[in-house]
Amino acid sequence: MNMPTTGISKFLDKLIRPIFDKHARSITIIDGVDFIQRLEAYATSGYLKPKTYLYMFDITDLYKMLPHEESLDILIEFLLQQGYEKFRNIPID
């Protein structure tokens, strides 16, 4: 977005993306094929009922909605929950 923090954001994403992808994979749908496979597994497990509602939403302008400090707090909480105090010798605080 050509903002002053874009470089920092890209750097953090490069560092943290592998951790997030590893730990959030079970709750992240990556594409239509993945969605169909998960839906089939959901149905096979007996969870898909006639009264089951499926919702889809798209978040726009997420970065404008989250204050920087709150975003950093969420990131630190996520990393602590995953057992990280440092990552690549960089303290998470």
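Remember, it's a predicted structure, so these values are computed and weren't measured experimentally.

Chemist: Got a minute to help me understand the nonpolar core in this structure?
Modeler: Within soluble globular proteins, side chains that are nonpolar tend to cluster in buried spots. L15, I16, I19, F78, L79, Y84, F87 and I92 together form the largest nonpolar core, which totals eight residues. Residue assignment for this core shows that the elements contributing at least two residues are α1 (6–24) and α4 (68–81). Ranked by residue count, the leading element in this core is α1, at three residues. The two domains that each donate at least three residues to this core are domain 1 (1–50) and domain 2 (57–92).

Chemist: I keep staring at the packing of α1 against α4 and nothing clicks. Help me out?
Modeler: Each pair of packed helices can be summarised by the angle the axes make with each other and by the distance between the axes. Where α1 meets α4, the axes come as close as 11 Å, and the angle between the chain directions of the two elements is 60 degrees. The angle between α1 and α4 places the two elements in the oblique class. The chirality of how α1 crosses α4 is left-handed. Along the contact surface, α1 presents I16, I19, F20 and H23, while α4 presents L75, F78 and L79. Looking at the contact of α1 with α4 residue by residue, the class counts come to six nonpolar, one polar and no charged.

Chemist: I would appreciate a short explanation of the domain arrangement of the protein chain in the present structure.
Modeler: A common measure of how large an interface is: the accessible area buried when the components associate. Annotation of the protein chain at the domain level lists domain 1 (1–50) and domain 2 (57–92). Here the C-alpha centre of domain 2 lies 15 Å away from the C-alpha centre of domain 1. Across the boundary between the two partners, domain 1 contributes seven residues, which contact nine residues of domain 2. Here domain 1 packs against domain 2, burying approximately 900 Å² in sum over the two surfaces, 81% of which is carbon and sulfur. In terms of surface lost to domain 2, no three residues of domain 1 exceed L15, I19 and H23, which account for 52% of the buried area on that side. For the interface between domain 1 and domain 2, the tally reads zero salt bridges.

Chemist: Before we go on, may I ask you to explain the environment of R38 in this structure?
Modeler: Within the element layout of this structure, R38 appears in helix α2 (residues 32–44). On the basis of relative accessible area, R38 is assigned to the partly exposed category, the value being 26%. Between the alpha carbons of R38 and K14 there is a distance of 27 Å; along the sequence they are 24 residues apart. Discounting residues that sit within four places of it in the chain, R38 has contacts with R25, S26, I27, T28 and I29. A polar atom in the side chain of R38 sits 2.9 Å from the backbone oxygen of S26.

Chemist: I would appreciate a short explanation of the pattern of salt bridges in the present structure.
Modeler: Where charged atoms of side chains with opposite charge meet at close range, the side chains can pair. Per the counting criterion, the structure on display carries four salt bridges. With a closest N to O distance of 3.1 Å, D34 and R25 form a salt bridge. The residue R38 makes a salt bridge to D34 at a minimum N-O spacing of 3.1 Å. Linking R38 with D34, this pair stays in helix α2, spanning four residues, or about one helical turn.

About the thresholds
Residues numbered from 1 in each chain as written. Predicted model: local features only at pLDDT ≥ 70, side-chain atom pairs only at ≥ 80, totals over all residues. Heavy atoms only, no water. Core = buried A, V, L, I, M, F, W, Y, C linked by side-chain atoms within 4.5 Å. Buried < 20%, exposed > 50% of the residue type's maximum accessible area, 1.4 Å probe, protein only. Helix = DSSP H or I, 4+ residues; strand = E, 2+ residues; numbered from the N terminus. Domains from an automatic or database assignment. Axes fitted to C-alpha atoms, helices over the stretch in contact; angles between N-to-C directions. Parallel < 35°, antiparallel > 145°, perpendicular 65-115°, else oblique. Left-handed = near helix turned anticlockwise from the far one by under 90°. Contact = heavy atoms within 4.5 Å. Nonpolar A, V, L, I, M, F, W, Y, C, P; charged D, E, K, R; others polar. Buried area = accessible area lost by both parts, 1.4 Å probe. Salt bridge = Lys/Arg side-chain N within 4 Å of Asp/Glu carboxyl O. Polar contact = N/O pair within 3.5 Å; in protein donor to acceptor, adjacent residues only side chain to side chain.

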